[in-house]
Amino acid sequence: MRLVRLVLARVAFYLFVTLVAAFFALPMLWLVLTPFNPRGTLAAEIPSPATMANFRLVFANAFAMRALLNSAILGIGAMLITTLVATLAAYALSRTDVPGLDFLIYALILFSSVVTGTAAMVPIFLLIFYLGLIDTLLGVILVFTGGLLPTAIFIMRDFVEGIPRSYEESALVSGATPRQMFQDVVAPLVQPGMMVVAIWAFVHVWGAFLIPFILLRSPTSMPASVAIYSFYTEAGTPIITLTSSYALLFALPVLVLYLLVNWRYGFRFFGGIKR
Amino acid sequence: MTGGAPILSRRTGFFFLLPSLGFVSLFILFPFVWVFYLSFTNQTLTGVTAIQSRLVGLANYHRLLDFETWMTSGQFGNALRISAQFVVGSALIGQALLGLAIAWAFYRWRGAFREIVYTLVILAWIIPDVVVAFTWMAFLDRDRGTLNAILQLLRLAPVDWLIQQPVLSIIIFNTWRGTAFSMLLFSSALATIPPSYLESAEVAGASGWQKFRDIILPLIRSHILTDIILITLWTFNTFTPFLITGGGPAFKSELVSIYTFRIAFQFFEFGRGGAIAVAMMLINLVLALTYLTILRRQGVRT
């Protein structure tokens, strides 16, 4: 009886695991196969013969390449500013004795989840419009930095709290200024935390659609997430060969970063790391 | 905080905080306040009201909450109803249950199977929005889509998913998209449970379900609450389904987020869009405050 139950449990387990794996893998089949298919359609077919021709076409498309560059500028710009500004703030929050700072952080996180891209698109658009930053990459970078900062500060603070104060105390005794302490003592020690925040911010901004879609309209400033919608025929249907290979190319940095993080740190979990 | 003198003076600390305060005030606090003001005006992007908008009182709210028509197709009440179905279906039933099931199935299980499943689930979560939108449009396509190909293998009739079942389609899509968060949260919660708890139950002859119900569930209750509130908040605000169905056909999958977008950025009626945004933010605020209350209570307990 006990053996039967054990066998049944094993069978149920493998059945469940297979179904789950299939559910998550099957939609991705198309993305993996179609870019290499010279006659790609919406069907997930094994390409015969497999070809890199689609990618060559995409690489030869100046507009598509420009859009990838724009995505990189947005991602890297928001990543650098967010990481630097968040580290400064986390340091201040961890090393001063102003009462009520914990409350401040929670209130900020609360607000950043209330004023999300979707709910805030109207005032954000008008704000950027009045600032004269419509259709500029800088405008998008600033908006993302503002939205990502509370969570970034929250993550960074954990790392700063993990550094023993004795290092800074000895630096203080030797007459270091706050700036020197931050630059020469704290910043090198919280580098793992800065990496986490940087990768998180980059992945978030690189893949984002709505904010750039609203704020950027000219072909020279469009990021890849918006530009991908221009590979359409005159009849209004997507050109599958180009779209699929461009989509895979666009997903590639995220996949590489995932592998890197997984290999270097293990995909650890920082509560609410993705919004 | 540990004892001893603080390392930074309040003045220096303030300078370090200044850039963050600037960003947050300008791009989070100011929009929050401004959208309330906007919702009482007739601001548009073009035309006379773009330059000289004026206060119109509650007119935008009256239009939003006109109970004669608000449940009809393409109106606010209808969008709220679809959003509610979407949140219950994809966040509560889909992501939370599936995430918990996967985490529980692999509790005390290491090895290749776990690696494969976790990697697949996480990949579905981190790939950019537009990329998953295209793969899902292909997956659900009536004539060539992978899903219908499988149905035909099983001798079942193909379905025109995005036309006949738009809400079900985006619910399944969003379950696929977001399960990773719940799975990761629950696996780290389960990892904190000492194996001895379960071993003694096993000695007493408890079944898998009994162990789960009587030992695991009470121990991870607070994690479940946290998970449910966060994914509800995110699912309510997500815009990605727009990339798959465009809110259609005939507004049948128009979530509140998509409705806001249509009013504000296809008609460029910012006053009206502002009123919807206010409603959205108030719903968000209630969810976020609930979350904070739970966090505070947990803080007291530990």
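Residues numbered from 1 in each chain as written. Chains lettered and ligands numbered in written order. Predicted model: local features only at pLDDT ≥ 70, side-chain atom pairs only at ≥ 80, totals over all residues.

Student: Explanation requested: the interface of chain B and chain A in the structure shown.
Tutor: Interfaces are frequently sized by the accessible area removed from exposure as the parts join. Tallying the contact residues gives 73 residues for chain B and 78 residues for chain A. Ranked by residue count, the leading element in the side of chain B that touches chain A is helix 1 (residues 10-38) of chain B, at 18 residues. Grouping the constituent residues of the side of chain B that touches chain A by class yields 54 nonpolar, 15 polar and four charged. (Contact = placed C-beta atoms within 7 Å. Helix = DSSP H or I, 4+ residues; strand = E, 2+ residues; numbered from the N terminus. Nonpolar A, V, L, I, M, F, W, Y, C, P; charged D, E, K, R; others polar.)

Student: Would you explain the domain arrangement of chain A in this entry?
Tutor: Residues and elements named next belong to chain A. Looking at chain A, the domain boundaries give domain 1 (1-51) and domain 2 (62-264). The distance between the C-alpha centroids of domain 1 and domain 2 comes to 34 Å. Along the lines of polarity and charge, the residues of the side of domain 1 that touches domain 2 split into three nonpolar, three polar and no charged. (Domains from an automatic or database assignment.)

Student: Sorry if this is basic, but what is going on with the confidence of the model for chain A here?
Tutor: In low-pLDDT regions, the fine details of the predicted coordinates are not to be read closely. Residues and elements named next belong to chain A. With 96% of its residues at a pLDDT of 70 or more, chain A has an overall mean of 87. Confidence scores differ between elements of chain A, with helix 4 (residues 101-114) showing the lowest mean pLDDT of 80 and helix 3 (residues 62-95) the highest of 94. Here residues 270-275 is modelled with pLDDT under 50, and outside its nearest four sequence neighbours on either side it reaches nine contacts, counting other chains as well. (pLDDT = per-residue confidence, 0-100.)

Student: Any chance you could explain the packing of helix 4 (residues 76-105) of chain B against helix 12 (residues 221-237) of chain B here in plain terms?
Tutor: When two helices pack together, their arrangement is given by the angle between the helix axes and by the axis-to-axis distance. All names here are of chain B. Remark: helix 4 packs on helix 12, axes separated minimally by 9 Å, with the N-to-C direction vectors making an angle of 140°. Relative to helix 12, the element helix 4 lies oblique. Crossing geometry of helix 4 relative to helix 12 is assigned as right-handed. Residues Ser 83, Phe 86, Val 87, Ser 90, Ala 91, Leu 92, Gln 95 and Ala 96 of helix 4 touch helix 12, and the partners they reach there are Asp 227, Ile 228, Ile 231, Thr 232, Thr 235 and Phe 236. A breakdown of the residues in the contact of helix 4 with helix 12 according to their chemical character gives eight nonpolar, five polar and one charged. (Axes fitted to C-alpha atoms, helices over the stretch in contact; angles between N-to-C directions. Parallel < 35°, antiparallel > 145°, perpendicular 65-115°, else oblique. Left-handed = near helix turned anticlockwise from the far one by under 90°.)

Student: Please clarify how unusual backbone geometry should be interpreted in this entry.
Tutor: Most peptide bonds are trans, and most residues other than glycine sit at a negative phi. In this model, A:Ser48 is joined to A:Pro49 through a cis peptide bond whose omega is -5°. For A:Pro49, the location among the structural elements is in the loop between helix 1 (2-33) and helix 2 (53-60). Following B:Gly248, the chain continues into B:Pro249 via a peptide bond in cis, with omega recorded as -5°. Within the secondary structure, B:Pro249 is located in the loop between helix 13 (241-245) and helix 14 (256-266). Positioned with a positive phi, B:Arg155 is a non-glycine residue whose angle comes to about 60°. Here B:Arg155 is to be found in the loop between helix 7 (146-153) and helix 8 (161-164). Look at B:Arg155 and you get exposed, because 6 C-beta atoms sit within 10 Å. Positive phi, normally seen in glycine, also occurs at B:Phe268, with a value near 55°. (Buried ≥ 20, exposed ≤ 12 C-beta atoms within 10 Å, placed from the backbone.)

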